[in-house]
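Observations on chain architecture
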Amino acid sequence: MKLGDLTELAARNLREAMLRNSLTTLGIAVGVASLVAMLSLGVGLQELASSRLTHSGLFDAVIVMSKSTMRGFGGPMQNEAADATPPRRIDDPARKELSELPNVVEVYPEVRFPTEIVFEGKSFSTTAAGIPVSARDDGAYDGMNGKFFSAPDAPEAILQIEFAKQLSDNTGSLIGKELSLRYGERQALPPDNTAKPETKSGSKGAGASTDASADDDEGTGFSVVTREKKLKIVGVVETEPAAGFGGFGRGRLLIPLAIAQALKIAQPTDMREMLRGQNGKVSYDSLTVRVKNPAAVQSVEDAIKKMGFGTFSILDATKNLRLVFIVFDSLLGIFGSLALTVASLGIINTLVMAILERRREIGILKALGAADRDVRRLFFAEAGAMGLFGGIVGVFLGWAIGRALNFATNVYLKKQGLPPIDLSSVPLWLVGSAIGFSFFVSLIAGMYPASRAAKLDPVEALRYE
Amino acid sequence: MPDATGSHAIRTEHVMRVYQMGDSQVPAVNGVTITVDAGEFVALLGSSGSGKSTLLNLLAGLDRPTSGAIYAHEKNLAEMSSGELAHHRSHTIGMVFQAFNLLPRMTLEENVELPLRLAEVERAERPARVREAVERVRLTARLSHRPTELSGGEQQRASLARALVNRPTILLADEPTGNLDSHTGDAIMDLLTEINRTLGMTIVMVTHDRARAERYAGRIITMGDGKLISDGVRV
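Summarised in this report is the structure supplied together with it. Quantities reported herein were computed from a predicted structural model and do not represent experimental measurements.

Residue and element names in this part refer to chain A. One open sheet accounts for four strands, arranged β2-β11-β1-β12; its pairing is antiparallel. Each edge of the open sheet is held by one strand with a lone partner, namely β2 (104-109) and β12 (310-312). Along the sheet, successive strands turn relative to each other by an average axial angle of 25°, direction set aside. Note that strand β1 (residues 61-65) and β12 share three bridges and pair antiparallel. Bridged to M65 within β12 is G310. Running at roughly 165° to β2, helix α4 (residues 92-99) makes contact with β1, β2 and β11 (286-291) of the sheet. Running at roughly 15° to β1, helix α8 (residues 297-306) makes contact with β1, β2, β11 and β12 of the sheet.

Membership of the largest hydrophobic core comes to 123 residues, with the highest contact counts inside it found for A:V36, B:L44, B:A161, B:L172 and B:V204. With twelve residues, the top contributor of residues to this core is helix α2 (residues 18-55) of chain A. In this view, B:L44 contacts B:K52, B:L55, B:L56, B:V204, B:M205, B:V206, B:I221 and B:M223; residues no more than four positions away in its chain are not counted. In terms of nonpolar packing, the next biggest core, distinct from the first, is built from 50 residues, A:I90, A:F163, A:I259 and A:A260 among them.

For any two helices packed against each other, the geometry is given by the interaxial angle and the distance between the axes. Residues and elements named next belong to chain A. The contact between helix α1 (residues 3-16) and helix α11 (residues 372-415) brings their axes to 9 Å, and the two run at 65°. α11 is crossed by α1, and the crossing has right-handed handedness. Of the residues in α11, those touching α1 at L6, T7, L9, A10, N13 and L14 are R377, L378, A381, E382 and A385. Taken together, the residues of the contact of α1 with α11 sort by class into seven nonpolar, two polar and two charged.

Residue and element names in this part refer to chain B. The geometry of helix α3 (residues 108-118) relative to helix α5 (residues 152-164) is characterised by a closest axis approach of 7 Å and an angle of 30° between their N-to-C directions. Our classification of the angle between α3 and α5 gives roughly parallel. Where α3 crosses over α5, the two elements pack in a sense that is right-handed. Between α3, through L108, N111, V112, L114 and P115, and α5, the contact on the second element is made entirely by A158, A161 and R162. Its residues assigned to classes, the contact of α3 with α5 shows six nonpolar, one polar and one charged.

Let us look at the sheet that holds strand β2 (residues 24-36) of chain B. All names here are of chain B. Pairing in this open sheet of four strands is antiparallel, and the strands run β2-β1-β4-β5 from one edge to the other. Edge strands, defined here as strands with exactly one partner in the open sheet, are β2 and β5 (75-76). In this sheet, β2 lies alongside strand β1 (residues 10-21) in antiparallel orientation, the contact comprising ten bridges. Looking across to β2, one finds that R11 is bridged to T35.

Residue and element names in this part refer to chain A. By the burial criterion, the buried members of α8 are V297, V300, E301 and I304. For α8, the angular spread of buried residues about the axis comes to 100°, placing them on one side. In α8, the exposed positions angled more than 90 degrees off the buried face are occupied by D302 and K306. Where α8 terminates, the next one or two residues include G308, which has phi positive at roughly 100°.

With 16 residues of chain A in contact, the opposing surface of chain B contributes 18 residues. For the side of chain A that touches chain B, the secondary-structure elements that each account for two or more residues are α1, α10 (359-367), α11 and α13 (458-463) of chain A. Classifying every residue of the side of chain A that touches chain B by side-chain character gives eight nonpolar, one polar and seven charged.

Rules behind the numbers
- Residues numbered from 1 in each chain as written.
- Chains lettered and ligands numbered in written order.
- Predicted model: local features only at pLDDT ≥ 70, side-chain atom pairs only at ≥ 80, totals over all residues.
- Pairing = 2+ DSSP bridges.
- Helix = DSSP H or I, 4+ residues; strand = E, 2+ residues; numbered from the N terminus.
- Axes fitted to C-alpha atoms, helices over the stretch in contact; angles between N-to-C directions.
- Contact = placed C-beta atoms within 7 Å.
- Core = buried A, V, L, I, M, F, W, Y, C linked by C-beta atoms within 7 Å.
- Buried ≥ 20, exposed ≤ 12 C-beta atoms within 10 Å, placed from the backbone.
- Left-handed = near helix turned anticlockwise from the far one by under 90°.
- Nonpolar A, V, L, I, M, F, W, Y, C, P; charged D, E, K, R; others polar.
- Parallel < 35°, antiparallel > 145°, perpendicular 65-115°, else oblique.
- Arc of directions from axis to C-beta.

These figures come from the coordinates and say nothing about function on their own.
Structural data, given as structure tokens:
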């Protein structure tokens, strides 16, 4: 029998027992819906995590440190013995060189320093950090109270909520208010180490000088002078923004990176450079190199290593995360498939019942010239059609369940003052796979009834009343 | 008379069909040897349980003999695969049943078209073939009716049209008048005779009605207890 005729006859048979076949198809649809809802949850969570982590700067960043600094993190690095490249300084020339590498979007230094904050006459100790303007896209700032810095060099500050709570119980009221940032400014001593450091009114010097060789134009030492900078509080952020994972511990008061650099704040590296006879030359603990996308991290990291720097990225963690989600999705898929398995038993039951009811009809078909293969294909087509329709309806139901989950979650999140999220996601591949899987499972379920129908003895079948 | 190729339309050689009934074996057809020439109208006569319907099923390729050979146009059905038997039923044989066996959810037209679907006849060719068969049994006005909307005689004529639509060479009829009143039964028999004469179609008809067999069939084969009792041409 030709496919067109087979389809017409199967459709006619399905229409004849409309109620029973519809209920069976609905059973399949519920099974597929459960599968799709489960997997869409897995996919949604994975996309959410990936998006958040990518925004966090964890996955598109390479932290560049001096090799000598990295030794301090746990002994010699892998293959270090064979690596004869001398350690490079992490300074502005290195920053410029790194920014010229392919696939590099930006390179910015880690500027973090202890500070004293004066707010409404009270003093608070904390750590401040400079963050680049590109951090605006970080997920951490989504739905923050207030707004991000208005300009790259705006004298503004964003507070981390725990620190903000120290300043006021009503953290929202802090926005728009002013605070004073007290910090230590680095001032190079002139070659004549007897000269006094420059002082400004309202500040007092705390000299730190050395008698080491005085062949540097910038002098042989530096002094640290306390300064104050007025900053306007523009936002309070819920989570502690990573701004690249190089900022171990990060800051609880965030200021624009350009401001942090312009303030010439004394850094621990200043002391190190001075002892190395590099006084006055700016260097950093580390540089964060942001690459175009996570896929480019490996090549950029390799290039940086060749330049003589130590690097660190979270690439391996990404792989592990992907593995975790594969296992998670598989488990959800297995639970979702259980419902579809139960539904497939419904198909077997429906078709076996159909064989009993249509026994005589099968006999007539065979008497008129239907081959066993035709009868088998007819039952297969009926099972497949139920699977296909069940799959389509099921995908729609699963999508609707996902939407309902999203809606309910976002209502809750809104009440908590948190930004909305997409908890469930139904990508096209899931739509196609779910319908295909439903069709396939239905055909498997139809195998036994179809085979039984095909094997019916036509003489016996014709006698059946 | 053998057909144009010089062969018989049907030939059986010592055909046996034995059914297993618990521990005992029951021979429904027991060593029957017959030949039916092309264009013959043969009545298989016998009482209930004589094995005539079993023999008809064997000739149709619906059942397989336990032993012996059955030839349709010199092709041995006993050696055919399941698919080849289906092809035989579809292309060589037309069947008419006592209970009509029309599919109730299909219209007369769809019922008649069904063998064409199974024989994979081109869709464009089908309407003409259906019309030709329906016109032959004079049921054109009832094309869109379902079997339940037709009388017994009309249903059997529809069944006959369905049997003719694939233009078979052999028509097998199992008690075609068994469910009909005398007048309607005669009309069906007239139709069978007309088909036999105008189309030259070989007809083997199972019946237990001796009078009707003698009136319409050209030859009567009598069976009893699965065996051939007599085989005679009606004068």
